[in-house]
Amino acid sequence: MKIIKTIAEFRKLRPKLTAPVGFVPTMGYLHEGHLVLVRRARAENPSVAVSIFVNPTQFGPKEDFAHYPRDPQRDLALLEKEGTDIVFMPSAEEIYPPDFNSWVEVGKLAGKLEGAARPGHFRGVATVVAKLFNIVQPDRAYFGQKDAQQLLVIKKMTADLDMNLEIVAVPTVREPDGLAMSSRNTYLNAGERKQAAVLYQALNLAQKLYSGGEKDAKAILKQMTALIQQQPLADIEYISIADADTLDELDRVKPSALVSLAVRFGNTRLIDNVAVG
Ligand code: AMP
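This is a predicted model, so every value here is computed, not measured.

Definitions and cut-offs
- Residues numbered from 1 in each chain as written.
- Predicted model: local features only at pLDDT ≥ 70, side-chain atom pairs only at ≥ 80, totals over all residues.
- Heavy atoms only, no water.
- Helix = DSSP H or I, 4+ residues; strand = E, 2+ residues; numbered from the N terminus.
- Rg over C-alpha atoms; globule rule 2.2 N^0.38 Å.
- Buried < 20%, exposed > 50% of the residue type's maximum accessible area, 1.4 Å probe, protein only.
- Contact = heavy atoms within 4.5 Å.
- Areas by Shrake-Rupley, 256 points an atom, 1.4 Å probe, with all protein chains shown as cover.
- Lys, Arg positive; Asp, Glu negative; His and termini not counted.
- Charge placed at Lys NZ, Arg CZ, Asp CG, Glu CD.
- Axes fitted to C-alpha atoms, helices over the stretch in contact; angles between N-to-C directions.
- Parallel < 35°, antiparallel > 145°, perpendicular 65-115°, else oblique.
- Left-handed = near helix turned anticlockwise from the far one by under 90°.
- Nonpolar A, V, L, I, M, F, W, Y, C, P; charged D, E, K, R; others polar.
- Pairing = 2+ DSSP bridges.
- Expected span 1.5 Å × (residues − 1).
- Phe/Tyr/Trp six-rings, centres within 6.5 Å; stacked < 30°, edge-to-face > 60°.
- Lys NZ or Arg CZ within 6 Å of the ring centre and 35° of its normal.

K.L.:
In this structure, what is going on with the overall build of the protein chain? I would like to understand it.
P.N.:
Within the protein chain, the secondary structure is distributed over ten helices and nine strands. Against the compact-globule benchmark of 19 Å for 277 residues, the protein chain has a radius of gyration of 19 Å, which places it among compact chains. Considered along the principal axes of its C-alpha atoms, the protein chain spans approximately 55 × 40 × 40 Å. When burial is assessed residue by residue, the protein chain has 52% of its 277 residues classed as buried. Considering only contacts in the protein chain between residues 6 or more positions apart, those separated by 24 or more positions represent 73%. As displayed, the protein chain offers around 13100 Å² of accessible surface, 51% of which is attributable to carbon and sulfur atoms. With 34 positive and 33 negative side-chain charges, the protein chain shows a separation of 1 Å between the mean positions of the two kinds.

Rendered as structure tokens:
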């Protein structure tokens, strides 16, 4: 496994990689959710590159960039075990030199849900992913459905900007109680961690109500809200039932609608989603 820290080094190595090249961008502090992406990339491509980069531009000024968990040595050991060929771990200065001044803005889609709650977040995500795609030049890139809106934004960016690669979506990996795996779960104290299982319960409730014939979004949202509010540490930021392609809110729930939520437990903000039907 080669560890590469500069763009120049990556460019030198790139022509030697056997195509197709599978790429998994991450912010590190790897868990099983990330490793499933790496395994999928490993199974589908003769060359696998993984990036570890905590991208400062996708964090708001009051968000957790400085505290985001980091453990590069452990990450490298995990990636080695998965048979990763290349790990790209640039510094912030390598990606954003002092005179950096170009941004990728994905329109309407990026302004909803997470984009509304975290202004500038998807501008940072789209910009860094575009840069990583230009550096790595992958044939396929792997993203988790855990971040469903991110996946949509990246797909839209690649289509609109004619980026020549395939975006592969990978299902969410969960803890035994249903909590979606996330590097941010390490922030939760024992009480918060226990109550956080309610997020998946609420998403399952939406599934169940929909399958049972309830198609009124308001009615489903009301029951989800009531269930989450039974956990005293849960502070709901949003719950949404939206069209899976446009993210427009739905009045009548239709097949494969995206049910998504953002809920705070103390200082920790968790997101999760399911597609109904
Ligand atoms: P992150 O390190 O949080 O930026 O995540 C890197 C990639 O891993 C993104 O494509 C995420 O959607 C994906 N990912 C994170 N958590 C999970 C999970 N629990 N299941 C599947 N994919 C995940």
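K.L.:
Would you mind going over the packing of helix α9 (residues 198-211) against helix α10 (residues 217-229) with me for this structure?
P.N.:
Packed helix pairs are characterised by how far apart their axes lie and by the angle those axes make with each other. Between α9 and α10, the least distance of the axes is 9 Å, while the angle of their chain directions is 150 degrees. Judged by the inter-axis angle, α9 sits roughly antiparallel to α10. Of the two possible hands of crossing, α9 and α10 adopt the one that is right-handed. On α10, the residues touching V198, Q201, A202, L203, L205, A206, L209 and Y210 of α9 are I220, Q223, M224, L227 and I228. Of the residues belonging to the contact of α9 with α10, the class tally is eleven nonpolar, two polar and no charged.

K.L.:
Sorry, what's going on with the sheet that holds strand β4 (residues 86-88) here?
P.N.:
The strands making up a sheet associate through hydrogen bonds between their backbones, and the pairing can be parallel or antiparallel. Reading across the sheet, the six strands line up as β1-β4-β3-β2-β5-β6 and stay open at both edges, with parallel pairing between neighbours. For this open sheet the edge positions go to β1 (2-4) and β6 (166-170), each flanked by a neighbour on one side alone. Adjacent strand axes in the sheet meet at a mean angle of 25 degrees, parallel and antiparallel pairs treated alike. Across two bridges, the pairing between strand β2 (residues 21-26) and strand β5 (residues 140-144) is parallel. If you follow G22 over to β5, its bridge partner there is R140. Sheet strands touched by helix α2 (residues 32-44): β2, β3 (47-52), β5 and β6. Its angle to β5, the strand with the most contacts, is close to 155 degrees. Helix α3 (residues 72-81) contacts β1, β3 and β4 of the sheet and is inclined by roughly 165 degrees relative to β3.

K.L.:
Would you take a moment to explain α2 for this structure?
P.N.:
Helical periodicity: at 3.6 residues per turn, an α-helix aligns residues three or four positions apart in one direction. Along its 13 residues, α2 runs 18 Å from first to last C-alpha, staying within 8% of the 18 Å computed at 1.5 Å per residue. Where α2 is concerned, the buried positions are G33, H34, L35, L37, V38 and A41. In this structure, the buried residues of α2 make contact with β2, β3, α3, β5 and β6.

K.L.:
Can you help me understand the packing of aromatic side chains in this one?
P.N.:
Here the distance between the centres and the angle between the planes together describe a pair of aromatic rings. In the structure shown here, the tally under the stated rule is nine aromatic pairs. The interplanar angle of 75 degrees and the centroid separation of 6.4 Å between the aromatic rings of F133 and F143 together place this pair among those described as edge-to-face. Remark: F143 occurs in strand β5 and F133 occurs in helix α6 (residues 121-136); sequence separation between them is ten residues. For the pair shown, F133 and F143 are each scored as buried. In textbook terms, an aromatic cluster arises when at least three aromatic residues are bridged by ring pairs, as seen for F53, Y96, F100 and W103. Lying across the ring of Y29, R74 places its NZ or CZ 5.9 Å from the centre. The ring of Y210 is capped by K215, whose NZ or CZ atom sits 4.2 Å from the centre of that ring.

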